[in-house]
Amino acid sequence: MRISFVILLACTVCNPSVFAQAVSGNIFGTVLDPNGAAVPAAAVTVNNRETGVSRSATTNDSGNYTVTDLASGTYDVSIAKTGFSKFVQQNVAVSVAQSTRVDASLQVGQETQEITVTEAPPGIETDRAEVQSQLGGRQIQELPVLNRNLTNLTLLAPGATLNTFQHAPSENPQQSTLVNTNGQEFSGTNYLLDGMNNNDQVLGITMVNPPIDSVNTLVMSTSNYDAEYTQAGGAVINVQTRAGTNDLHGSAFEYLQNNIFQARDAFTQGLHAPGTPAPPNRGIPELRWNQFGGSLGGPIVKNKLFLFGDYQGTYRRIGASQSVRVPTAAERTGDLSDLGIPIYDPATGNADGSGRTAFTGGIIPGSRISAPAAALLAALPQPNTSGANAAANNYATSGVEPFDTHQFDIRGDQYLTDKLRYFVRYSFLQASITAPGPFGLYGGPAYPAWGFTGASDARNQNVAGNMTYTFSPSLLMEIRFGMSRYRVSVSSLDANQQLANTVGIPGLNLPNRPDTNGLPNLTINGEGGFSMGYSCNCPLMQRETVFDYVNNWTWIKGNHTFKFGGTAEPAWNQRLPSDNHRAGVYNFSPTVTSLASDSASGLGLASFMLGLPSSFARFAQLSTDQEDRQNRMFFFAQDTWR
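Residues numbered from 1 in each chain as written. Predicted model: local features only at pLDDT ≥ 70, side-chain atom pairs only at ≥ 80, totals over all residues. Heavy atoms only, no water.

A. Just the environment of tyrosine 422, in detail. With respect to the helices and strands, tyrosine 422 occurs in strand 26 (residues 420–435). For tyrosine 422, a relative accessible area of 29% puts it in the partly exposed group. Tyrosine 422 has contacts with Gly412, Asp413, Gln414, Leu416, Asn466 and Met467, leaving out every residue within four places of it along the chain. Separated by 2.5 Å, the side chains of tyrosine 422 and glutamine 414 make a polar contact. (Helix = DSSP H or I, 4+ residues; strand = E, 2+ residues; numbered from the N terminus. Buried < 20%, exposed > 50% of the residue type's maximum accessible area, 1.4 Å probe, protein only. Contact = heavy atoms within 4.5 Å. Polar contact = N/O pair within 3.5 Å; in protein donor to acceptor, adjacent residues only side chain to side chain.)

B. Examining the layout of surface pockets more closely. As a volume, the largest pocket reaches approximately 680 Å³. Elements supplying a minimum of two residues to the lining of the largest pocket: strand 6 (73–80), strand 7 (86–94), strand 11 (131–136), helix 1 (137–142), strand 18 (215–223), strand 19 (236–241) and strand 25 (395–415). Looking at the lining of the largest pocket element by element, the count peaks at four residues for helix 1. A class-by-class count of the residues in the lining of the largest pocket yields eight nonpolar, 18 polar and six charged. (1 Å grid on protein atoms, 1.4 Å probe; cavity = no way out; pocket = protein on both sides within 12 Å on 5 of 7 lines; lining within 4 Å. Points joined across faces, edges and corners; volume = space filled by probe spheres on them. Nonpolar A, V, L, I, M, F, W, Y, C, P; charged D, E, K, R; others polar.)

C. Structural detail: the pairing of strand 32 (residues 560–576). Here strand 31 (residues 540–557) pairs with strand 32 via 15 bridges, running antiparallel. Counterpart to glutamine 542 in the pairing with strand 32 is arginine 575. Hairpin connection between strand 31 and strand 32: a loop of two residues separates the two successive antiparallel strands, and glycine 558 in this loop has a positive phi of roughly 60°. With 14 bridges connecting them, strand 32 and strand 35 (residues 628–641) associate as antiparallel partners. (Pairing = 2+ DSSP bridges.)

D. Molecular detail of the environment of glutamate 401. Inspection of the secondary structure assignment puts glutamate 401 in strand 25. By relative accessible area, glutamate 401 is classed as buried at 3%. In sequence terms glutamate 401 and glycine 565 are 164 residues apart; their C-alpha atoms lie 48 Å from each other. Excluding residues that lie within four positions of it along the chain, glutamate 401 makes contacts with Arg316, Arg317, Ile318, Ile433, Thr434, Ala435, Pro436 and Trp450.

E. Here's a closer look at the packing of aromatic side chains. Per the counting criterion, the structure on display carries 17 aromatic pairs. Ring geometry for tyrosine 469 against phenylalanine 471: centres 4.8 Å apart, planes inclined by 75°, an arrangement best described as edge-to-face. What links up through ring pairs into an aromatic cluster is the set Phe530, Tyr586, Phe588, Phe608 and Phe616. Its guanidinium or amino end placed over the ring of phenylalanine 253, arginine 148 lies 3.7 Å from that ring's centre, counting from NZ or CZ. (Phe/Tyr/Trp six-rings, centres within 6.5 Å; stacked < 30°, edge-to-face > 60°. Lys NZ or Arg CZ within 6 Å of the ring centre and 35° of its normal.)

F. Broad picture of the environment of glycine 558. Mapped onto the secondary structure, glycine 558 falls in the loop between strand 31 and strand 32. Judged by its relative accessible area of 43%, glycine 558 falls in the partly exposed class.

G. Inspection of the sheet that holds strand 7 at higher detail. Strand order in the open sheet formed by five strands is 4-3-6-7-10, and the pairing between neighbours is mixed. The strands lining the two open edges of the sheet, one partner per strand, are strand 4 (54–58) and strand 10 (114–117). Each neighbouring strand pair of the sheet contributes to a mean axis angle of 20°, computed without reference to strand direction. Pairing of strand 3 (residues 43–48) with strand 4 involves five bridges; the strand directions are antiparallel. Looking at the pairing, asparagine 47 lines up with serine 54 of strand 4. (Axes fitted to C-alpha atoms, helices over the stretch in contact; angles between N-to-C directions.)

H. Highlighting empty space enclosed by the protein. Taken as a whole and assessed by the stated rule, the structure comprises five cavities of 30 Å³ or more. Estimates place the volume of the largest cavity at around 160 Å³. Lining the largest cavity are 17 residues, and of these Gln174, Gln175, Asn209, Gln312 and Gln407 sit closest to its centre. Sorting the residues of the lining of the largest cavity by element identifies strand 22 (305–324) and strand 25 as the ones contributing at least two each. Among the elements that line the lining of the largest cavity, the one with the most residues is strand 22, at three residues. In terms of residue class, the lining of the largest cavity is built from five nonpolar, 10 polar and two charged. Looking at the second largest cavity, its volume works out to about 90 Å³.

I. Summary view of the pattern of salt bridges. Inspection of the entire model under this criterion finds 19 salt bridges. Between arginine 325 and glutamate 331 there is a salt bridge whose closest N-O contact spans 2.8 Å. With respect to class, arginine 325 is no different from glutamate 331; both count as buried. The shortest N-O distance in the salt bridge between arginine 582 and aspartate 515 comes to 3.0 Å. Separated by 67 residues along the polypeptide, arginine 582 in the loop between strand 32 and strand 33 (585–588) and aspartate 515 in the loop between helix 4 (499–503) and strand 29 (521–524) bring together distant segments of the chain. One exposure class covers both arginine 582 and aspartate 515, and it is buried. What emerges from the salt-bridge pattern is a single network uniting Asp194, Arg411, Asp413 and Arg425. (Salt bridge = Lys/Arg side-chain N within 4 Å of Asp/Glu carboxyl O.)

Listed below in structure tokens is the structure:
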């Protein structure tokens, strides 16, 4: 159990962010008369221009007022007091986890007289310590973002830098970008979606990366954030989804990219032996990147009940090419003389490698070639290009990776009474990836453009529910519930076949153990080397589930705004990895066929053909139902004194 208790006392003229809420915002200010004296007991009314929902408050003895728990949107603020003209400020923008200041100087006059300010108040905050960046819905939708990836926008925050590595898409199909802020590692970032936990604690990524059309506000806090968020070690990324309004609104989009207009890479694409026909499409791998979807929101009951939904589908056929080396036809028979390196028979001489007898002419007799090595070599394609030397890459290959995602969000908001409102939202992501290797079923090195060879299937979900009840203008209760789930399964493309048994390597594909199926991962080092099999972290099965129970209270007393509450997070995580391939990992070193006194001798290819690996490892795990369980609890209390 992890318990964090934070008490924050803010003694400043005003710190608007301190009493902001994770799923809503606030409007506050001070009302004065023409002489600069406070105006107590003035009636303050704020009205949401999109939904027609109104909230009210009264100024205290110091002329201060605060209206809490406001949904993101644009508001009109009206302030009235007997003996003064009515003051109206229009177009006041309210965002999640922020507060907007609207001060008023009332003029002596009749209440029927009205002073209206149509321009929004200045957005620059000079009286707050929090370092925060905010993007509104229009900015988010209009900024150019590759692949419409929302997490890329977090790089716009001050102090944000791209991490030096990114997780492979097999375990991160939602493509959450790893960003470090102010020197803090990406794993310290706290991702919130409508105030609910949206973190994969194992990989340090967001579970659901929502479509851009679904986002109303993105707030990035990098330091000095509220006590409510102090469980974060780095930045707090708070995403608020869009809600329906009294006006029917929507969007539709489709983006298409293909290989027709791409330039050819002369070093890896379109290569072919002289006299043979050129590959189709100039040798450029197929590329079909189609992203489409839309959104729709509007009223079910005007001023009371609203609905919003969105969908985004992505079909990607991502082509890639690479140049690798495969053994020549002569080498497959044991003739390694073309490589120009002497090889020695490990069956002769001493254990330390001395006194060994050389294979005459660099040729291994056919009778000495192991049957599994011969079967594996027969499965490899023949060279189709010529390199600068015998050990250079001689096989140009290309492939296409299908990478498809489907995701949607649906949200409903209801204002039951002036005091009680709630919303619920469900987000879903389904992703599948199939990344073939250059040797088909027998795998091989991953295409650099993909960084992965194998198959991945993922289903991520996020649920959020929020209810607020206003007991009085000075007392507010907030209850939130959420659930986040990350589920991914990664496997090799030969996972349903016992390829090790097929090629004659016994004891690897165990009976009644399908997790040990497939070909072992083989790495042949040194001149003329190559690799086969799958080096992915597979099979991998991970299922992470986090529940959130939140209860917060806000109490305004005079010039003090007290906020306190707590969060309970039961978290369950099951991760069944394969740090080494469960069918085995073989390494073949040149030292096995070298002479101790000749450091330039020996070939890993010769060691492989003799069936003599230098090392072997495999990941073995009998249990398949173990699970980490945590009960996390966070409490906070703070007082803002204006």
